[in-house]
Protein chains: 2
Amino acid sequence: MKICVIGAGNGGQALAAFLALRGHDVALYNRSEWRIAPIIKTRKIKVEGEINATAQISFATTDIAEAMKDRELIMVVLPANAHREIATKMAPHLKDGQVVVLNPGRTAGALEFYNVLKELNVKKDITIAEAQTFIFASRMSNPGVVRIFRIKNAVPVAALPSTKNPQLERTLIKVMPEFEIVESTLYTSFNNIGAVFHPATIILNAGWVETTFGKFEFYFEGISKSVAKVLEAIDFERCEIARKFGIEPMTAVQWLAYAYDVRGSDLYEAIHKNEGYRGIQAPTSLDNRYITEDVPTSLVPLSAFGKLVNVPTPTIDSIIQIASVIMGVDYFKEGRNFERLHLEGKTVEQVKRIMERGEE
Amino acid sequence: MKICVIGAGNGGQALAAFLALRGHDVALYNRSEWRIAPIIKTRKIKVEGEINATAQISFATTDIAEAMKDRELIMVVLPANAHREIATKMAPHLKDGQVVVLNPGRTAGALEFYNVLKELNVKKDITIAEAQTFIFASRMSNPGVVRIFRIKNAVPVAALPSTKNPQLERTLIKVMPEFEIVESTLYTSFNNIGAVFHPATIILNAGWVETTFGKFEFYFEGISKSVAKVLEAIDFERCEIARKFGIEPMTAVQWLAYAYDVRGSDLYEAIHKNEGYRGIQAPTSLDNRYITEDVPTSLVPLSAFGKLVNVPTPTIDSIIQIASVIMGVDYFKEGRNFERLHLEGKTVEQVKRIMERGEE
């Protein structure tokens, strides 16, 4: 299949290589050239870790039109806070029948993308979908060399509106059966697991991250028993919101079993049994996606959805507040709040209809 | 002067020794015997650090009646969350003319003590006072051996009601001119500096504390630039509350200059210039006074006072929430809230009158 991967960070390079190794024709796009300069030349990406091979992609480019041309499947592998910008950039080049998958969408990524196309009056027959999390735990060592620590067993994915799930089946699942189609983006959005793991862990280790430039293992050392309790509190709030929308949530503990085959009596134990997390170092600074991406696109929309269904989110809100102070950004205002998602004043039933059928 | 020191922790032993070295007759009380067993025998406390000497106290005891008998000045050196209990225990043994100083009161410690005596219908003429912070930075190495890292230049203190400030002048200031009498406990309560430094610092280093058992310098390494930003946000909320009560607050930066003679353009810089903090290790666990004392007796009352004067306290509330999750205690309910302080339904003017004149 002709596939385009948008974004050549840790994830994008790993995914481009993975798909090329499966025999697909892969175009890799990145906004800035430095990251893909070696790949533009050699068209090669070396993969280490769970897979050891060198993949040959078709081409790498900084030209979005060239990257998207004739591609059936477009895999967006960008921080979710870039979804609005990339949607705007992609809009003029979209063609009927194309499938765009946000890897991952965080919470309501597909809805944000959908809204941008609507605002720009794009009338093409596009399928927009969001994955619940990213398929790999991966880190780039150098441009053109990427380490895949672990391929998750399964990742839920859904189209918005869900009526487009069949198109997803025919494209995404055909090339990557690791994905599992679920009822709607209500499921992927409320089962956003990054919301649970990322922001609170980095914030509850803020001094450690900054003073040592992240010289500790993020999951194994950063998630001590008390940190795990805070993650569980966030997870509880998230699951309560999901239930109020009629979605059966996967708790963080259940998700670790689903995605990594690890089991524990509580979140602390399950995390510390997950060999997939071994070797993943903490970020070197707080100006990091665990805050700059996950707070505005995960915690902020969860807090907004919580308000709509009267689920209190004191722990989620506390992490948003502290992140806002640290970064000097009012994430409640700047993040995916209901104003930005065009959901202000909507009822629960209206929100469900929008996410499921793309209409009110 | 005949002085009683209640509590033989880091602070109580240091203060007892300090006062004995100034030639006073000091009785030292502690609830449990193990801490004072060596002192009961030898009546000696060795002081290291800023002072190097061995002090001779009159006696150490676990009998509160014996400890308080004939003492003019009673220095309570306990975590503020023990004020209610110690007030109840001291009540039957209080005599006319005694001066009780809470070292420190945290926020509204004197008011809590005062309320207990009122509830127990104690009619004695007692002066209750609270210090704004503890006079030393000190740590006990062994029972009977204590290190004073730094003696603060000055510590504000006030009686509740403030009309009793003259009694404080005649007793406390006579023996410790390092204290400075201020207008009222509104000042000491709203200038509670522990509220700013302690809970957020430990919480934003939760993983580091637990994973390494506190193997880092609490102030120098724990307070990174982002952690300092959160402390500044808490400080800002605290100062806004003080201003609404007509109290000119001392910002944390101003306080570091006042108490330690260190100056900095921001809180990060000032803290990192303070040699008085050098060598102070982080606590070995989160079950520590920086949370268990400071959250219920500093942040919770500040949040409550903030509500009364319409000052939003989102950062203070976030730290209270996360501390509650970590410790499994609802500090908003269990701490010094307005119900516990008997201030529910009171106006700002009534609260001021209670703190200043002991009446509504």
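Reading guide: rules and limits
- Residue positions are counted from 1 within each chain, in the order its sequence is given.
- Lettering for chains starts from A, numbering for ligands starts from 1, and both go in the order in which the items are written.
- Local features in this predicted model are restricted to residues of pLDDT 70 or higher, and side-chain atom pairs are both shown and tallied only at a pLDDT of 80 or more, whereas totals for entire chains, interfaces and linings draw on every residue.
- Just so you know, side-chain values use all the structure's heavy atoms and leave hydrogens and water out.
- UniProt positions are given in the numbering used here, feature names are shortened, and annotations may be inferred rather than shown by experiment.
- Numbered from the N terminus, helices here are DSSP runs of H or I no shorter than four residues, and strands are runs of E no shorter than two.
- Strands are labelled as partners when DSSP assigns at least two bridges between them.
- Every angle, taken between N-to-C directions, lies between 0 and 180 degrees, and every axis is a line fitted to C-alpha atoms, over only the stretch in contact when it is a helix.
- The copies were overlaid with a least-squares fit restricted to C-alpha atoms from residues scoring a pLDDT of at least 70 in each copy.
- The contact criterion used throughout is that any non-hydrogen atoms of two residues lie within 4.5 Å.
- In what follows, roughly perpendicular refers to angles from 65 to 115 degrees, roughly parallel to angles under 35, roughly antiparallel to angles over 145, and oblique to any angle outside these ranges.
- For any pair of crossing helices, the crossing counts as left-handed if the nearer helix is rotated counterclockwise from the farther one by less than a right angle, and right-handed if it is rotated clockwise.
- For this classification, Asp, Glu, Lys and Arg are treated as charged, while Ala, Val, Leu, Ile, Met, Phe, Trp, Tyr, Cys and Pro are nonpolar and the rest, including Gly, are polar.
- What counts as a domain boundary in this text is fixed by an automatic or database domain assignment.
- As used here, buried area is the combined drop in accessible area, with a 1.4 Å probe, of two parts when they are placed together.
- Should a side-chain nitrogen of Lys or Arg be within 4 Å of a carboxyl oxygen of Asp or Glu, the pair is scored as a salt bridge.
- Any N or O atom pair separated by 3.5 Å or less is treated as a polar contact, with the protein-specific requirement of one donor-capable and one acceptor-capable atom, and with residues adjacent in sequence counted only for side-chain atom pairs.
- The cut-offs for exposure are 20% and 50% of the maximum accessible area for each residue type, with area from a 1.4 Å probe on protein chains only; residues under the lower value are buried, those over the upper are exposed, and the others partly exposed.
- For a crossover, the right-handed case is the one in which the path from the first strand over the helix to the second runs clockwise, viewed with the strands pointing away from the viewer.

A.B. asks: Looking at this model, I keep getting lost on the UniProt feature "domain: Opine dehydrogenase" (unreviewed entry) in chain A. Mind explaining?
C.D. replies: Summarizing the sequence annotation, UniProt attributes the feature "domain: Opine dehydrogenase" (unreviewed entry) to residues 182–327 of chain A in the numbering used throughout. The straight-line gap between the two end C-alpha atoms of residues 182–327 of chain A is 35 Å; of that span, 62% is helix and 0% is strand.

A.B. asks: Would you mind showing me how to read the sheet that holds strand β10 (residues 145–151) of chain A here?
C.D. replies: The strands making up a sheet associate through hydrogen bonds between their backbones, and the pairing can be parallel or antiparallel. Residue and element names in this part refer to chain A. Read across the sheet, four strands follow the order β4-β3-β10-β9 without closing on themselves; strand pairing throughout is mixed. Looking at which strands have only one partner, the edges of the open sheet turn out to be β4 (53–56) and β9 (136–142). Here the average twist between neighbouring strands, direction ignored, is 30 degrees. Two strands pair when backbone bridges link them, and β9 and β10 are joined in this way by six bridges, in the antiparallel orientation. Following the sheet pairing, alanine 137 is matched in β10 by arginine 150.

A.B. asks: Teacher, can you tell me more about the relation of the copies chain B and chain A here?
C.D. replies: Think of it as a corkscrew move, a rotation about one axis and a shift along it, taking one chain copy to the other. Least-squares fitting of chain B to chain A yields an RMSD of 0.0 Å, with the superposition described by an axial translation of 0.0 Å and a rotation of 180 degrees. What the rotation and shift describe, once combined, is the action of a two-fold rotation axis. Here 100% of the contact residues of chain B are again contact residues in chain A; the copies associate through an equivalent surface.

A.B. asks: Before we go on, may I ask you to explain the packing of helix α8 (residues 194–203) of chain A against helix α14 (residues 294–308) of chain A in this structure?
C.D. replies: Packed helices, taken two at a time, are described by their axes: the angle between them and the distance between them. All names here are of chain A. One way to put it is that α8 packs onto α14 with a least axis distance of 10 Å and a crossing angle of 120 degrees. In this view, α8 runs oblique relative to α14, as classed from their interaxial angle. Note on packing geometry: the crossing formed by α8 with α14 is left-handed. Of the residues in α14, those touching α8 at Gly194, Ala195, His198 and Pro199 are Asp294, Val295, Ser298, Leu299 and Leu302. Here the contact of α8 with α14 is composed, by residue class, of five nonpolar, three polar and one charged.

A.B. asks: What is the right way to look at the sheet that holds strand β7 (residues 99–102) of chain A in this model?
C.D. replies: All names here are of chain A. Strand order in this open sheet of eight strands is β5-β2-β1-β6-β7-β8-β11-β12, and the pairing throughout is mixed. Looking at strand neighbours, the two that pair on one side only are β5 (59–61) and β12 (179–181), the edges of this open sheet. Neighbour-to-neighbour, the strand axes of this sheet turn through a mean angle of 25 degrees, independent of strand direction.

A.B. asks: Teacher, can you tell me more about the domain arrangement of chain A here?
C.D. replies: Often, the extent of an interface is quoted as the loss of accessible area upon association of its parts. Residue and element names in this part refer to chain A. Here chain A is partitioned into domain 1 (2–190) and domain 2 (194–357). Centre-to-centre, using C-alpha coordinates, domain 1 lies 22 Å away from domain 2. Residue-level contacts link 39 residues of domain 1 with 39 residues of domain 2. Counting the surface lost from both domain 1 and domain 2, the interface buries some 3,400 Å², and carbon and sulfur atoms represent 55% of this. Our count for the domain 1 to domain 2 interface comes out at four salt bridges. The interface formed by domain 1 and domain 2 contains 19 residue pairs in polar contact (both at pLDDT 80 or more). Secondary structure elements with two or more residues in the side of domain 1 that touches domain 2: α4 (83–90), α5 (109–119), β9, β10, β11 (155–160) and α7 (185–190).

A.B. asks: Help me understand the interface of chain B and chain A in this model?
C.D. replies: Chain B puts 28 residues into the contact, and the matching count from chain A is 28 residues. Approximately 2,100 Å² of surface area, both sides summed, lies buried where chain B meets chain A, with 65% of it carried by carbon and sulfur atoms. The largest per-residue losses of area from chain B upon contact with chain A belong to Leu204, Trp208 and Ile322 of chain B, which jointly make up 23% of the total buried on that side. At the junction of chain B with chain A, the criterion picks out zero salt bridges. For the interface between chain B and chain A, the tally reads 20 residue pairs in polar contact (both at pLDDT 80 or more). Mapped onto the side of chain B that touches chain A, the elements with two or more residues apiece are α9 (206–212), α10 (225–244) and α15 (314–327) of chain B. A total of nine residues in the side of chain B that touches chain A trace back to one element, the largest contributor, which is α15 of chain B. In terms of residue class, the side of chain B that touches chain A is made up of 13 nonpolar, 10 polar and five charged.

A.B. asks: Would you mind going over unusual backbone geometry with me for this structure?
C.D. replies: Note: most residues except glycine have negative phi, and most peptide bonds are trans. Across the junction of leucine 160 of chain A and proline 161 of chain A, the peptide omega takes the value -5 degrees, indicating a cis bond. You can see proline 161 of chain A is positioned in the loop between β11 and α6 (165–175). In the segment running from asparagine 103 of chain B into proline 104 of chain B, the intervening peptide bond is cis, with an omega of -5 degrees. With respect to the helices and strands, proline 104 of chain B occurs in the loop between β7 (99–102) and α5 (109–119). Unusually for a residue other than glycine, alanine 108 of chain A sits at a positive phi of about 70 degrees.

A.B. asks: Looking at this model, I keep getting lost on the UniProt feature "domain: Glycerol-3-phosphate dehydrogenase NAD-dependent N-terminal" (unreviewed entry) in chain A. Mind explaining?
C.D. replies: Following the UniProt record, one finds the feature "domain: Glycerol-3-phosphate dehydrogenase NAD-dependent N-terminal" (unreviewed entry) at residues 2–101 of chain A. Between the C-alpha atoms that bound residues 2–101 of chain A the distance is 14 Å, and the span itself is 31% helix and 30% strand.

A.B. asks: Any chance you could explain the pairing of strand β1 (residues 2–6) of chain B here in plain terms?
C.D. replies: The two faces of a sheet get side chains in turn, since along a regular strand they alternate between them. Residue and element names in this part refer to chain B. For β1, the tally of buried residues reaches four of five residues, placing the bulk of the element in the interior. For β1 and strand β2 (residues 25–29), the ladder comprises five bridges, and the chain directions are parallel. Following the sheet pairing, isoleucine 6 is matched in β2 by tyrosine 29. Handedness of the crossover is the feature at issue here: the chain leaves β1, passes through helix α1 (residues 10–21), returns alongside β2, and the resulting connection is right-handed. Pairing of β1 with strand β6 (residues 73–76), which is carried by four bridges, proceeds in the parallel orientation.

A.B. asks: When you look at the pairing of strand β6 (residues 73–76) of chain A in this model, what are you seeing that I'm missing?
C.D. replies: All names here are of chain A. Here β6 shows no split at all, with Leu73 and Met75 on one side and Ile74 and Val76 on the other all buried. Where β6 and β7 come together, four bridges link them in parallel fashion. The partner of isoleucine 74 across the bridge, within β7, is valine 100. Note on the crossover from β6 through α4 to β7: the handedness is right-handed.

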